[in-house]
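# Descriptive analysis of the structure
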Amino acid sequence: MTGTDSAFPIDLSQFKKLALDPNKPNLTVEEKAALKANIQLLAMPSGHTGGAYDTVPEVCMLLALFNQSPDAFVPIIFDEAGHRGSMPAEHLLHYRAANSKLPGHPELGLTPGVKFSSGRLGHMWPLVNGVALANKDKTVFCLGSDGSQQEGNDAEAARIAVARGLNVKLLVDDNDVTIAGHPSEYLKGYHVSQTLEGHGLKVFTVDGEDVDALWGAVSGIVTYNGPAAVVSKRKMAPGVPDIEGSIHGHDVIPVKSAIKYLESKGYTGLGDILLNIHPAPQPYLFSGVSKELGANRVVFGEAVNLVLDGLSKEEAAKKVMVIDSDLEGSTGLKVIHQKHPEVFVPSGIMERGNFSAAAGFGFDHDKFGVFSTFSAFLEMVVSEITMARLNHCNVLCHFSHSGVDEMADNTCHFGINSLFADNGLSDVHSWLYFPADPLQMVAVIKRVFFERGVRFVFSTRSKVPFILKEDGSKYFGEGYEFVPGKDETILEGKAGYVVSFGEMLYRSYDAVLRLRQGGLDVGLINKPTLNIVDEKTLAKVGASPFVLIVESFNQKTGLGSKYGTWLLERGFAPKYGYMGTTKEGSGGLWEQIPYQNLDPQSIIAKVQTLAI
């Protein structure tokens, strides 16, 4: 058998149960041999390769500590990135597959053997402090990295740990690689060991690939009374030729590189397995849209470039500042960095500080800051958004990876609470835009880039098709002009209306077209400005027999939770329904949408219940 049906090709029964005494900082010959054998056995690059692969030595040592003194430790290896668990080895061949319960960031209650949820950097150390406060007679471990240590949460956690003398022990993988580059280059002055020492922790800085030195440091922090850290200096993915020390080690290793590495370790014949693991294809053929797809998250950056192309380099540098949060390749900023380096500021994994820097640049009436990160992390900057609004700052925010579509990393990365950004009072407008396809993204950016105030643009991780008119031309193509606050009638209808936006518009369009083919005259409204009432369109929709809001945002906090109130306030009372994300994810890619009952057939079924 090949692919995911194969037997797991590595014999994990060779793992040696080892017990190490922290009071003995020097390994015996036998202990060192067993430890190195375990490290060699488990050091397999896959998934989010870098951190998980790098810290195999630390994990093997912690397991040996748990074996030696099980009552002395909280027997959980907390991890800032959320990659730890235990399950049958064969299940690893289903990593990131839909409904495998093994998403990119495993989750408590979903992934077998996982004892905590993580996946948002900087969030675990503060939680681990609480675990330590609840278990004062035990030592608690937390794995981290030079990436997670950039988050402001960790600075707060350090102060608490030192002030309370918590028995928290950090193991920091300091490999000088994050998604977008090398901290030593883009964040000069940042130094993990010095920062932790400055907070008051006891710090051991060692070569993470030197087993003797690493164990000496681990034993040192365990026997130290109070918060302490081992900072392991190493290249990312050490010993993996094609990705060692490079940003390519952060995520999934290329299959050919993995095969080459594994064969160098004596594991032959793995190509038949790895080369036969494929994502499930999307079987549905959508109507009303193009076969051509575009990535709105990338188009955002291309659209910004179109605006900047109209300025001289000197004028652009004076007027615009674009700041990255180590995600430039994922959120569209990379093309800005390449074409307009005069406006670009590379920065680290510091969303709060970076957003406020963009807002501060735009504190001047005629200057404009641009900030971008994943939509899931919008929740981290809500307070900073308030301060930017109170200071009348000009900042354009791009939050990519919105909704749930193709969110293989699952629930911790869902961007579903985006309307949290609309947290100002009624006398101050914020503008939240969610374009439906690449052409509308370009139209939105061209129109709103130099508008003043706080503006938000959302996009998805997934690519989207182009919305087509009935004659086959592109709806947002030649002649289209985006008007902020204006809803767009894609199709008129007498039976009722579906209101949607973003990546759910094309799915809603497909459902509406099929309903109309079946004799139900349903209309479709695109609402690209999420938080502003278009009174004319609302009146039309409100006078119809039913209204259905379709979105992938959280059903509790999304557009659907507001739209019904807008209708009632104006005296409209059609039958009303709204569909959004309601449960933790399934993993996988396109499968997330039908799992949330947001696919066209689910939309059709919901419409039919309202049209009765």
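The structure reproduced in this document is the subject of the present report. Computed from a prediction, not measured in an experiment: that's the story for all the values here.

What follows is about the packing of helix H18 (residues 503–517) against helix H22 (residues 600–610). In contact at an axis separation of 8 Å, H18 and H22 are set at 55° when each is read in the N-to-C sense. Taken together, the axis directions place H18 and H22 in an arrangement best described as oblique. Of the two elements, H18 crosses H22, and the hand of that crossing is right-handed. Contact residues: Arg507, Ser508, Asp510, Ala511, Arg514 and Leu515 in H18; Pro600, Gln601, Ile603, Ile604, Val607 and Gln608 in H22. Per-class residue counts for the contact of H18 with H22 are six nonpolar, three polar and three charged.

A few words on the sheet that holds strand S12 (residues 454–458). Sheet architecture is open: six strands sit in the order S8-S7-S9-S10-S12-S11, paired in parallel fashion. Sheet topology places strand S8 (344–345) and strand S11 (431–433) at the edges, where each strand pairs with a single neighbour. Across three bridges, S11 lies against S12 in parallel orientation. Considered in S12, the bridge of Leu432 is made with Phe456. In this fold helix H17 (residues 438–448) packs onto strand S10 (395–400), S11 and S12, with an angle of close to 170° to the strand it touches most, S12.

What follows deals with the nonpolar core. By size, the foremost hydrophobic cluster in this structure holds 62 residues, and its most contacted members are Ile445 and Ile467. If one sorts the elements of this core by residue count, H18 sits on top with eight residues. Ala421, Ile525, Leu530 and Val541 belong to the second-largest nonpolar core, a separate cluster that totals 35 residues.

Spatially, five strands are ordered S1-S2-S3-S5-S4 in an open sheet, and the strand pairing comes out parallel. Lying at the two open borders of the sheet, with one neighbouring strand each, are strand S1 (73–79) and strand S4 (202–207). Pairwise comparison of adjacent strand axes, ignoring direction, gives a mean angle of 15° for this sheet. In terms of strand pairing, S1 meets strand S2 (residues 139–145) through four bridges, oriented parallel. Paired with Ile77 across the two strands is Phe141, which belongs to S2.

This part is about the pairing of S4. Direction of pairing for S4 relative to strand S5 (residues 228–233): parallel, over a ladder of six bridges. The residue of S5 that forms the bridge with Thr205 is Val231. Note on the crossover from S4 through helix H8 (residues 211–223) to S5: the handedness is right-handed.

Okay, the pattern of salt bridges next. This model, assessed by the stated rule, comprises 22 salt bridges. Measuring nitrogen to oxygen at the nearest pair gives 3.2 Å for the salt bridge that ties Asp173 to Arg234. Here Asp173, found in strand S3 (residues 168–174), pairs with Arg234, found in the loop between S5 and helix H9 (255–264); they are 61 residues apart in sequence, far enough to count as distant. Accessibility assignment for this pair places Asp173 and Arg234 in one class, buried. Across the pair Asp366 and Arg452 runs a salt bridge, and its minimum N-O distance is 2.7 Å. Of this pair, Asp366 sits in the loop between helix H15 (351–361) and strand S9 (368–374) while Arg452 is found in the loop between H17 and S12, placing the two residues 86 residues apart along the sequence.

Over its 14 residues, helix H1 (residues 29–42) extends 20 Å from the first C-alpha to the last, a length consistent with the 20 Å expected when each residue adds 1.5 Å. Ala34, Leu35, Asn38, Ile39 and Leu41 are the residues of H1 that are buried. One face of H1 carries all of its buried residues, which in axial projection span an arc of 165°.

This paragraph deals with H9. Within the span of H9, buried status applies to Ser257, Ala258, Ile259, Tyr261 and Leu262. The secondary structure elements touched by the buried residues of H9 are helix H2 (49–54) and helix H10 (271–274). Positioned one or two residues after H9, Gly266 has a phi angle of 95°, which is positive.

Using the criterion set out here, one finds 25 aromatic pairs in the structure. Aromatic side chains Phe434 and Phe501 sit 5.6 Å apart centroid to centroid with 50° between the ring planes, which places their arrangement in the tilted category. You can see Phe434 sitting in the loop between S11 and H17 and its partner Phe501 sitting in the loop between strand S15 (496–500) and H18, a full 67 residues away along the chain. For the pair shown, Phe434 and Phe501 are each scored as buried. Residues Tyr475 and Phe476 carry aromatic rings whose centres are separated by 4.9 Å and whose planes lie at 70° to one another, so their mutual orientation is edge-to-face. Take Tyr475 and Phe476: they sit in the same class, and that class is buried. Here a set of aromatic residues connected by ring pairs shows up, and it is made of Phe355, Phe371, Phe399, Phe434, Phe456, Phe458, Phe501 and Phe553. The ring of Phe450 has Lys319 lying over it, and the distance from NZ or CZ to the ring centre is 4.6 Å. Of note, Lys583 hangs over the ring of Tyr595, and the distance from its end group to the ring centre comes to 4.3 Å.

Rules of the game
Residues numbered from 1 in each chain as written. Predicted model: local features only at pLDDT ≥ 70, side-chain atom pairs only at ≥ 80, totals over all residues. Heavy atoms only, no water. Axes fitted to C-alpha atoms, helices over the stretch in contact; angles between N-to-C directions. Helix = DSSP H or I, 4+ residues; strand = E, 2+ residues; numbered from the N terminus. Parallel < 35°, antiparallel > 145°, perpendicular 65-115°, else oblique. Left-handed = near helix turned anticlockwise from the far one by under 90°. Contact = heavy atoms within 4.5 Å. Nonpolar A, V, L, I, M, F, W, Y, C, P; charged D, E, K, R; others polar. Pairing = 2+ DSSP bridges. Core = buried A, V, L, I, M, F, W, Y, C linked by side-chain atoms within 4.5 Å. Buried < 20%, exposed > 50% of the residue type's maximum accessible area, 1.4 Å probe, protein only. Right-handed = clockwise from strand over helix to strand, strands pointing away. Salt bridge = Lys/Arg side-chain N within 4 Å of Asp/Glu carboxyl O. Expected span 1.5 Å × (residues − 1). Arc of directions from axis to C-beta. Phe/Tyr/Trp six-rings, centres within 6.5 Å; stacked < 30°, edge-to-face > 60°. Lys NZ or Arg CZ within 6 Å of the ring centre and 35° of its normal.

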